[in-house]
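# Geometric and topological summary
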Amino acid sequence: MNIHEKYIKRCIQLAENGLGNTYPNPLVGSVLVYNDKIIGEGWHKKAGEPHAEVNAINAVKDTSLLKKATIYVSLEPCSHYGKTPPCSDLIIASGIKKVVIGSVDPFAKVAGKGIKKLLEAGCEVQVGILEKECHTLNKRFFTYHLEKRPYIILKWAKSKDGYLAPEISKEDVAKRQAVWITNKYSKQLVHKWRSEEQAILVGTNTAIADNPQLNTRLWKGVNPTRIAIDRTHRIPKDSNLFDGSVNTIIFCEENPAQSQHNIIYQPIDFTKELPFQICEALYTQEIQSVIIEGGSKTLQSFIDKGLWDEARVFTGSISFNSGTKAPQLPEKPVFTQSILNDTLEFYDKN
């Protein structure tokens, strides 16, 4: 690993601290180096707050060193006015002459313009250091801007014999309680994942049967936007999804006349392919990532259309013998780990 890769790697480590808090902005880390020593570092912590480069520059105690220092940043410095001024302007104004960048920003308002501004100001700019790793860091941001859809994570838990849920009696159906397959540590991990993504989606049957809250109650973090598919408004209005505590989107055939607090009804055409329409609608609403948690029909529909990026599949230690079969993925897992008596498999479509 050369010197530039060493410091871009540090930028990536810093940027990861912002996961779940920067939407719709990307994850960005930055360090300032003088004589092979970090003199300032920072990351973008929250949308609307100072960007990584600003935090790194402000962390430098001896500002006279800025003109002799090199600034490293995982993503191209912005060149436009948004909620904060352009970072490229600050770099130039600070007298920094050497800039090393991990990857170019795909966002149309930046996309090379920040680099161009730096070059025109006489800065020495290097681009493409650990570029693949920087793309992976911002896989949600890149997918959203380049593919015009959210980054899609599939997640489910299945029994040892491959079922999402057992066959249950009418009495149990009326209770509207989820049957837990995994242990409490796996459950807490899922809530951590929810805090990292912008939205979470379930189908009608899952919303009715499990009455899910789809929040981060077991982990400190931002609740994702809740999404449910409900063609004919079958989900009971006393469901947790309608408690008004979290922004919620309901994909339906017709928008009901009565609106509700924090509820958006999004009409779509149920005679056409739902996954593509859902992706288009979520893109329009600036949602960069979504976890699809169920049920089997909803998950399989996205798999069949190739509309997914990664999958996280738990296998518990219990068996059901019959019930709702788990979805089928064409790929093999890229990584497997154990969480006590649970097995967790990670799949990557790419």
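So, here is what we can say about the structure in this document. Just so we're clear, the structure is a prediction, and the values are computed from it rather than from any experiment.

### Concerning the environment of L75
- When you line up the elements, L75 lands in strand β3 (residues 70–75).
- Judged by its relative accessible area of 2%, L75 falls in the buried class.
- Separated by 71 residues in the primary sequence, L75 and H4 place their C-alpha atoms 14 Å from one another.
- Once residues within four sequence positions are removed from consideration, L75 is found in contact with P26, V28, E53, I101, S103, V104, D105, N138, F141 and F142.

### Points about unusual backbone geometry
- Cis geometry marks the peptide bond from Y23 to P24, where omega comes out at 5°.
- Even without glycine at this site, N262 takes up a positive phi of about 65°.
- Note that N262 resides in the loop between β10 (248–252) and β11 (263–267).

### Section: the packing of aromatic side chains
- In the structure shown here, the tally under the stated rule is 6 aromatic pairs.
- A centroid spacing of 6.5 Å and a plane angle of 80° characterise the contact between F141 and F142, whose relative ring orientation is edge-to-face.
- On the basis of an interplanar angle of 35° and a centroid distance of 4.6 Å, the ring pair of Y144 and Y283 is categorised as tilted. Linking Y144 in helix α6 (residues 139–147) with Y283 in helix α10 (residues 274–284), this pair joins segments that are 139 residues apart in sequence.
- By relative accessible area, Y283 is classed as partly exposed at 25%.
- Its end group placed over the ring of W180, K187 keeps NZ or CZ at 3.9 Å from the ring centre.
- Lying over the aromatic face of F242, K237 brings its terminal NZ or CZ to 4.9 Å of the ring centre.

### Regarding the sheet that holds strand β13 (residues 310–315)
- Strands sit in the order β11-β10-β9-β8-β12-β6-β13-β16-β15 across an open sheet of 9 strands; the sheet is mixed. The outermost strands of the open sheet, each flanked by one partner alone, are β11 and β15 (335–339). Recorded for the sheet is a direction-independent mean angle of 20° between the axes of neighbouring strands.
- When strand β9 (residues 225–229) meets β10, the two strands line up parallel, connected through 4 bridges. The residue of β10 that forms the bridge with R226 is T248.
- Seen against the sheet, helix α8 (residues 184–196) touches β6 (151–158), β8 (199–202), β12 (289–294), β13, β15 and β16 (342–348) and runs at an angle of roughly 160° to β13.
- Sheet contacts for α10: β6, β8, β9, β10, β11 and β12; angle to β10, the most-contacted strand, approximately 145°.

### Structural notes on the sheet that holds strand β5 (residues 124–127)
- Strand order in the open sheet formed by 5 strands is β2-β1-β3-β4-β5, and the pairing between neighbours is mixed. Of all strands in the sheet, those bounded by a partner on one side alone are β2 (37–43) and β5. Here the strands of the sheet are splayed against their neighbours by 15° on average, with no regard to which way each runs.
- The sheet contacts of helix α1 (residues 3–15) involve β1 (29–34), β2, β3, β4 (98–103) and β5, and relative to β1 the element is tilted by about 140°.
- Helix-sheet contacts for helix α4 (residues 113–120) involve β4 and β5, and the interaxial angle to β5 is about 150°.

### What about the pairing of β13?
- Counting buried positions along β13 yields 6 of 6 residues, so the element is predominantly enclosed.
- Where burial is concerned, the two faces of β13 agree: the one with E310, R312 and F314 and the one with A311, V313 and T315 are both buried.
- Note that β6 and β13 share 6 bridges and pair parallel. Bridging from a neighbouring strand, W156 pairs with V313 of β13.

Cut-offs applied
Each chain carries its own residue numbering, running from 1 in the written order of its sequence. Whole-chain, interface and lining totals are the exception, using all residues; otherwise, since this is a predicted model, local features are given only for residues with pLDDT of at least 70 and side-chain atom pairs are given and counted only at 80 or more. Hydrogens and waters are ignored; side-chain quantities use all the structure's heavy atoms. Secondary structure elements are defined from DSSP: runs of H or I of at least 4 residues count as helices, runs of E of at least 2 residues count as strands, and each element is numbered from the N terminus. Think of it in three bands: with a 1.4 Å probe and only protein chains considered, a residue is buried below 20% of the maximum accessible area for its type, exposed above 50%, and partly exposed in between. In what follows, residue pairs with any heavy atoms lying within 4.5 Å of each other are defined as contacts. Ring geometry is summarised as follows: Phe, Tyr and Trp rings, the Trp one being its six-membered ring, pair when their centres sit within 6.5 Å, and such pairs are stacked at plane angles under 30 degrees, edge-to-face over 60 and tilted between the two. Two thresholds decide whether a charge sits over a ring: the Lys NZ or Arg CZ must be within 6 Å of the ring centre and within 35 degrees of the ring normal. Between any two strands, pairing holds if DSSP finds at least two bridges. To obtain each axis, a line is fitted to C-alpha atoms, and for helices this fit is confined to the stretch in contact; angles are then taken between N-to-C directions over 0 to 180 degrees.

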